[in-house]
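# Descriptive structure summary
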Amino acid sequence: MKKIFQKIGTVVLGTGLVCGNMTAELQAQRTPRPSRLATETASPSHPVTASETESRVEKLEKQAIELFQKEEFEKALLVLKQIQELDSTVAPADMILARWFAEVGLEGGLRKQLESAVKDSPTDPEAYIVLAKIAVDESRIAEATLLLGRAQSLLEAYKASPERKKALQQQFLSTLAVFSEEKGDWKAVLGILQVQEKKAPEDLTLKIRMALVYMNLQDPTNALAKLQEAYEQNSQMMPPEAIIAEFYFQEGENEKSLQWMETSLKKYPENFKNQVKGAEILFANGKIKEAQSAVTKVLQLDPQSSEGITLQGNLLLFEGKASEALEKYSQAIDFDSSNPQAGIGYIRALLLQGGEKNSKEALGIASQLVAGFPQSIEFQIHYAWALIANGQKDTGLKLLQQLLPVWNPQQDEACVVAICLADQEDNSLAKNLLKAALEQENTFTLQFYAKQWQEKL
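Here's what I pulled together on the structure shown here. (Residues numbered from 1 in each chain as written. Predicted model: local features only at pLDDT ≥ 70, side-chain atom pairs only at ≥ 80, totals over all residues. Heavy atoms only, no water.)

### Brief notes about the overall build of the protein chain
Which entries qualify depends on this criterion: Helical segments are the DSSP runs of H or I of at least four residues, strand segments are the runs of E of at least two, and each set is numbered from the N terminus. The rule is simple: take the accessible area with a 1.4 Å probe, protein chains only, and divide by the maximum for that residue type; under 20% is buried, over 50% is exposed, in between is partly exposed. Each accessible area is a Shrake-Rupley result for a 1.4 Å probe, and residues are judged covered by the shown protein chains and nothing else.
Counting its secondary structure elements, the protein chain contains 23 helices and two strands. Among the 457 residues that make up the protein chain, the fraction classed as buried is 48%. Carbon and sulfur atoms make up 49% of the accessible area of the protein chain, which amounts to about 23100 Å² in all.

If you want it as structure tokens, here you go:
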């Protein structure tokens with residue numbers, strides 16, 4: 001069986017925790033890197049020098065990290081509090097622990113420590129900023145408004161560390177921008193980002209974000225100008241015109257999307273990311289020969305490109321050639337085992353060919369996908385398909401029932417769900433899903449098989 005996701009950029013610890021990079025929102029300052037629990041806290045008999053304090057802090061940082069990795073969270077918190085006593089400029093201990101919980105995806109621990117941070121450090125603004133971001137993400141706008149107001153007042157009064165205050169101000173502005181975006185107030189978002197840009201004029205991500213705000217304000221001219229600034233800093237990124245093409249594509253404005261994409265392909269023929277995006281947009285718009293040419297160019301630029309070989313597999317699956325597609329997806333996984341789209345294609349090709357051996361292998365790959373990306377509805381749907389193909393019909397259908405209420409149907413996924421439901425006594429939902437997918441303007445990978453199943457039903 002193929003092994004996938006062997007190159008994911010996280011470190012799996014022996015305790016079952018997964019530690020990766022801190023999320024940008026929570027990295028308001030240098031987080032102490034919390035190795036043995038300190039058993040002595042007595043004051044030294046002589047004045048402590050700055051270098052001695054720094055050495056003690058470093059030891060405590062290592063100690064707290066080791067305790068956290070062992071899931072001894074309360075002990076880790078005690079050590080962090082010792083650090084806080086030694087260095088008043090660091091974030092509150094509860095807040096640092098909250099960041100670590102966020103890093104490893106322990107939401108319960110995150111919320112608990114944020115509540116503790118508010119209680120134990122009521123004048124520190126960081127917990128309020130993070131709580132506001134969570135409220136925005138969960139569409140609790142009224143609560144987010146109150147939290148941002150409290151964070152702002154505390155931030156204005158904060159004086160413990162100028163360096164940390166500067167970082168918290170940027171974090172606050174970022175959260176405020178997301179808040180305004182959630183409300184659809186794009187002018188407010190632009191104003192906030194312009195303030196941030198003055199403080200960080202070379203921030204590439206900020207320029208791209210501003211460009212997308214301009215697009216939402218229906219101002220492609222300024223969007224293009226901002227993206228060109230970004231491209232001058234990093235010519236390896238997707239070209240400006242391609243980013244605008246992708247924006248229009250996501251908005252369903254296919255004609256504008258094609259115009260911008262064709263311009264980008266002519267202007268930047270040697271840009272790898274440009275050719276990949278061009279192949280995707282051309283294919284979705286039914287320009288199959290042009291998409292094939294773009295894929296050929298991708299593989300000329302990088303013969304071992306997992307993305308390019310996956311696109312080859314998609315084109316073969318579009319033609320109903322599951323066996324040939326399977327070979328391409330297998331090759332794509334061999335070149336990059338962390339490519340989830342190659343994994344999805346591999347599952348599809350296996351299950352469309354049928355057979356017990358193929359079904360079992362598909363289930364194994366689907367299990368890996370779900371384990372690697374537990375929040376992805378797309379992967380969960382393919383896992384349900386693999387379960388049903390392996391005789392676990394009730395389990396697969398139960399999973400689909402849980403997913404459908406929160407599912408935003410895409411054409412390929414609609415075809416997969418329809419296949420899963422095709423053997424139901426009432427297969428009207430399967431028929432409706434196939435009909436809706438095939439009536440949409442865009443071309444999709446499983447279109448050949450969607451037509452086949454529509455004829456069967």
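And the narrative resumes.
### With respect to the packing of aromatic side chains
Which entries qualify depends on this criterion: What counts as a ring pair is set by centres within 6.5 Å for rings of Phe, Tyr and Trp (its six-membered ring), and what kind of pair is set by the plane angle: stacked under 30 degrees, edge-to-face over 60, tilted for all other angles. Our definition puts a charge over a ring when NZ of Lys or CZ of Arg is within 6 Å of the ring centre and also within 35 degrees of the ring normal.
As enumerated under the stated definition, the model contains nine aromatic pairs in all. Taking 5.1 Å as the distance between ring centres and 80° as the angle between the ring planes, the aromatic pair formed by phenylalanine 448 and tyrosine 449 counts as edge-to-face. Site record: aromatic cluster; members linked through ring pairs are Phe68, Phe73, Trp100 and Phe101. Above the face of the tyrosine 128 ring, arginine 150 is positioned so that its terminal group lies 5.8 Å from the ring centre. In this structure, lysine 456 packs its charged tip against the face of tryptophan 453, placed 4.4 Å from the ring centre.

### Here's the deal with the environment of glutamine 424
Just so we agree on the cut-off: By definition, residues are in contact when any of their heavy atoms lie within 4.5 Å.
Within the secondary structure layout, glutamine 424 lies in the loop between helix H21 (411-421) and helix H22 (428-439). On the basis of relative accessibility, which here comes to 27%, the residue glutamine 424 falls in the partly exposed class. With residues near it in sequence (within four places) discarded, glutamine 424 still touches Lys393 and Leu397.

### Focus on the packing of H22 against helix H23 (residues 447-456)
How we decide: Axes here mean lines fitted to C-alpha atoms, for a helix over just the part in contact, with angles spanning 0 to 180 degrees between N-to-C directions. For classification purposes, angles smaller than 35 degrees are called roughly parallel, those larger than 145 roughly antiparallel, those between 65 and 115 roughly perpendicular, and all remaining angles oblique. The handedness criterion is simple: a crossing whose near helix is rotated anticlockwise from the far helix by less than a right angle is left-handed, and one whose near helix is rotated clockwise is right-handed. Residues are grouped as follows: Ala, Val, Leu, Ile, Met, Phe, Trp, Tyr, Cys and Pro are nonpolar; Asp, Glu, Lys and Arg are charged; all remaining types, including Gly, are polar.
Here H22 crosses H23 at 140°, and the two axes come no closer than 10 Å. Comparing their axes, H23 and H22 come out oblique. Considering how the two elements wind past one another, H22 and H23 form a crossing that is left-handed. Residues Leu434, Lys435 and Leu438 of H22 lie in contact with H23, whose contacting residues are Gln447, Ala450, Lys451, Trp453 and Gln454. When grouped by side-chain class, the residues that make up the contact of H22 with H23 number four nonpolar, two polar and two charged.

### Concerning the state of the cysteines
In protein structure, a disulfide is the covalent linkage between the sulfur atoms of two cysteines. We count it as follows: Count a disulfide wherever a pair of cysteine sulfur atoms falls within 2.5 Å.
Summed over the entire model, instances satisfying the criterion amount to zero disulfides. This cysteine, cysteine 415, is not joined by any disulfide, and cysteine 420 carries the nearest cysteine sulfur, 9.7 Å off. The class for cysteine 415 is buried, based on a relative accessible area of 1%.

### Comments concerning the packing of helix H17 (residues 340-353) against helix H18 (residues 356-372)
Between H17 and H18, the shortest axis-to-axis distance is 8 Å and the interhelical angle comes to 155°. Considering the angle they form, H17 stands roughly antiparallel to H18. You can see that H17 and H18 cross each other, and the crossing is left-handed. Listed contacts from H18 to Pro340, Gly343, Ile344, Tyr346, Ile347, Leu350, Leu351 and Gln353 of H17 are Asn358, Ser359, Glu361, Ala362, Ile365, Ala366 and Leu369. For the contact of H17 with H18, the class distribution of residues is ten nonpolar, four polar and one charged.

### Quick look at helix H5 (residues 126-137)
Just so we agree on the cut-off: Helices are assigned an expected span. That span is 1.5 Å times one less than the residue count.
Between its first and last C-alpha atoms H5 spans 17 Å; for twelve residues at 1.5 Å apiece the expected length is 16 Å, and the two agree. Counting buried positions along H5 yields ten of twelve residues, so the element is predominantly enclosed. Those residues of H5 that fall on the buried side of the exposure criterion are Glu126, Ala127, Tyr128, Ile129, Val130, Ala132, Lys133, Ile134, Ala135 and Val136. Once H5 finishes, serine 139 follows within two positions and takes phi at roughly 60°, a positive value.

### As for the nonpolar core
Keep this limit in mind: Definition used in this section: a nonpolar core is a set of buried Ala, Val, Leu, Ile, Met, Phe, Trp, Tyr and Cys residues joined via side-chain atoms within 4.5 Å.
In this structure, Leu317, Tyr346, Ile347, Ile381, Leu400, Val417 and Leu446 are the most contacted members of the largest nonpolar core, which totals 71 residues. Top contributing element to this core by residue count: H21, with eight residues. Val79, Leu97, Ala98 and Ala102 belong to the second largest nonpolar core, which has 26 residues in total.

### Some words on the pattern of salt bridges
Quick note on the threshold: We define a salt bridge as a contact between a side-chain nitrogen of Lys or Arg and a carboxyl oxygen of Asp or Glu at a distance within 4 Å.
Scanning the model with the defined rule gives 23 salt bridges in all. Glutamate 126 is the partner of arginine 164 in a salt bridge, and the nearest nitrogen-oxygen pair spans 2.7 Å. Taken together, the positions of arginine 164 in helix H7 (residues 162-182) and glutamate 126 in helix H5 put the pair 38 residues apart, joining distant regions of the chain. Neither arginine 164 nor glutamate 126 differs from the other in exposure class; each is buried. In this structure, glutamate 143 engages arginine 140 in a salt bridge whose closest nitrogen and oxygen atoms are separated by 2.3 Å. On the accessibility criterion, glutamate 143 (38% relative accessible area) is partly exposed. One network of salt bridges, in which partners are shared, links Glu107, Arg111, Glu138, Arg140 and Glu143.

### A look at the side chain of serine 305
Under the convention used in this document: In the analysis that follows, any N or O atom pair within 3.5 Å is treated as a polar contact, provided that within protein one partner can donate a hydrogen and the other can accept it, and provided that, for residues neighboring in sequence, both atoms belong to side chains.
With respect to the element layout, serine 305 can be found in the loop between helix H14 (288-301) and helix H15 (306-318). In this structure serine 305 comes out as buried when scored by relative accessible area, which is 3%. Here the side chain of serine 305 touches glutamate 307 through a polar contact of 3.4 Å, landing on its backbone nitrogen. Of note is the side chain of serine 305, whose polar atom sits 2.9 Å from the backbone nitrogen of glycine 308. Excluding residues within four positions of it along the chain, serine 305 makes contact with Phe272, Val298 and Leu299.

### Re unusual backbone geometry
In this structure, serine 139 takes a positive phi of about 60° despite not being glycine. One non-glycine residue, glutamine 218, lies in the positive phi region at around 60°. Tracing the backbone shows glutamine 218 in the loop between helix H9 (204-216) and helix H10 (220-233). You can call glutamine 218 exposed: its relative accessible area is 72%.

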